[in-house]
Amino acid sequence: MSLLGNLIWLVFGGAIASLSYIFAGCALCLTIVGIPFGIKAIQFGVMVLLPFGKVIEGGGSGTGCVALAFNLIWLLTVGWSIALTHLLFGIMLAFTLLGIPFAIQHFKLVPVALFPFSYKLGSSPTP
């Protein structure tokens, strides 16, 4: 099921969104100050590429004061707009029966978009 969901996700916008995050992350990595944010943007792009079959795990790379500072900088600059975009797309997709699985994936990405230094990506166990 996750393979089919990922294929449909890629065709209908997931590939474009993922490449946007990855290119933005590469651009951020060109500056010394932007390297931690660029790495998180690239990780977020990989997460957005194939979201089905993945779980978001709390307590990722940051639980200290540096992660808190990076999360605040991220939240105030770009995090709120990315999270709002995922929230709006999730709400729009939730109105359609076929869009509900994709809405769930968008809702899953909202907390990561807000505080990326507090989460990490994991694979869901296959039954």
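In this text, all values refer to a predicted model and were calculated from it rather than measured experimentally. (Residues numbered from 1 in each chain as written. Predicted model: local features only at pLDDT ≥ 70, side-chain atom pairs only at ≥ 80, totals over all residues. Heavy atoms only, no water.)

*Asks:* Help me out: how do you make sense of a nonpolar patch on the surface in this one?
*Replies:* A cluster of nonpolar residues, Trp80, Leu84, Leu87, Leu88, Ile91, Phe95 and Phe107, forms a patch on the protein surface that exposes about 720 Å² of accessible area. For leucine 84, the position within the fold is in helix α3 (residues 65-94). You can call leucine 84 partly exposed: its relative accessible area is 41%. (Patch = residues over 30% accessible without salt bridge, like charges linked within 9 Å, V, L, I, M, F, W, Y side chains within 5 Å. Areas by Shrake-Rupley, 256 points an atom, 1.4 Å probe, with all protein chains shown as cover. Salt bridge = Lys/Arg side-chain N within 4 Å of Asp/Glu carboxyl O. Helix = DSSP H or I, 4+ residues; strand = E, 2+ residues; numbered from the N terminus. Buried < 20%, exposed > 50% of the residue type's maximum accessible area, 1.4 Å probe, protein only.)

*Asks:* Just to check I follow, could you spell out the layout of surface pockets for this structure?
*Replies:* Over the atoms, a rolled probe matching the size of one water molecule traces out where space is still vacant. In this model, the largest pocket occupies a volume close to 370 Å³. Together, 18 residues line the largest pocket, and Trp9, Phe12, Gly13, Gly14 and His106 are the ones closest to its centre. Listing elements by their share of the lining of the largest pocket, those giving two or more residues are α1 (2-28), α3 and α4 (100-114). It is α1 that provides the largest number of residues to the lining of the largest pocket, a total of 9 residues. When its residues are assigned to classes, the lining of the largest pocket shows 11 nonpolar, 7 polar and no charged. (1 Å grid on protein atoms, 1.4 Å probe; cavity = no way out; pocket = protein on both sides within 12 Å on 5 of 7 lines; lining within 4 Å. Points joined across faces, edges and corners; volume = space filled by probe spheres on them. Nonpolar A, V, L, I, M, F, W, Y, C, P; charged D, E, K, R; others polar.)

*Asks:* When you look at α3 in this model, what are you seeing that I'm missing?
*Replies:* Since one α-helical turn is 3.6 residues long, residues separated by three or four positions face the same way. Relative to the 44 Å expected for 30 residues at 1.5 Å per residue, α3 spans just 37 Å between its end C-alpha atoms, considerably shorter than the ideal helical length. At leucine 75, α3 shows its maximal kink, close to 65°. The complete set of buried residues in α3 reads Ala67, Asn71, Trp74, Gly79, Ile82, Ala83, His86 and Gly90. (Expected span 1.5 Å × (residues − 1). Bend = angle between axes of the 7 residues up to and from the residue.)

*Asks:* Sorry if this is basic, but what is going on with the packing of aromatic side chains here?
*Replies:* Aromatic ring pairs are described here by two measures, namely the spacing of the ring centres and the angle between the planes. Following the criterion strictly, the structure yields 8 aromatic pairs and no others. A ring pair is formed by phenylalanine 52 and phenylalanine 102, whose centres lie 5.5 Å apart and whose planes are at 80°; its orientation type is edge-to-face. With phenylalanine 52 in the loop between α2 (35-49) and β1 (54-58) and phenylalanine 102 in helix α4, this residue pair connects regions lying 50 residues apart in the sequence. For the residue pair phenylalanine 52 and phenylalanine 102, the accessibility class agrees, reading buried in each case. Taken together, Phe37, Phe70, Trp74 and Phe117 form an aromatic cluster joined through their ring pairs. (Phe/Tyr/Trp six-rings, centres within 6.5 Å; stacked < 30°, edge-to-face > 60°.)

*Asks:* What am I meant to see in the confidence of the model for the chain here?
*Replies:* Low-confidence regions, as indicated by low pLDDT, have predicted coordinates that should not be scrutinised in detail. Per-residue confidence for the chain averages 85 on the pLDDT scale, and 91% of its residues sit at or above 70. When mean pLDDT is compared element by element in the chain, α3 scores highest at 90, while strand β2 (residues 119-123) scores lowest at 72. (pLDDT = per-residue confidence, 0-100.)

*Asks:* Could you clarify how one ought to interpret the state of the cysteines in this entry?
*Replies:* Disulfide: a covalent bond formed between the sulfur atoms of two cysteine residues. If you walk through the whole model with that rule in mind, you get 0 disulfides. With no disulfide of its own, cysteine 29 lies 6.4 Å from the sulfur of cysteine 26, the closest cysteine sulfur. (Disulfide = S-S within 2.5 Å.)

*Asks:* Sorry if this is basic, but what is going on with the nonpolar core here?
*Replies:* Proteins that are soluble and globular tend to have nonpolar side chains buried together. Within the largest apolar cluster, 18 residues are counted, with the highest numbers of intra-cluster contacts made by Phe44, Val48 and Ile82. For this core, the secondary-structure elements that each account for two or more residues are α1, α2, α3 and α4. Setting aside residues no more than four positions away along its own chain, valine 48 makes contact with Trp9, Gly14, Ala17, Ser18, Tyr21 and Leu109. (Core = buried A, V, L, I, M, F, W, Y, C linked by side-chain atoms within 4.5 Å. Contact = heavy atoms within 4.5 Å.)

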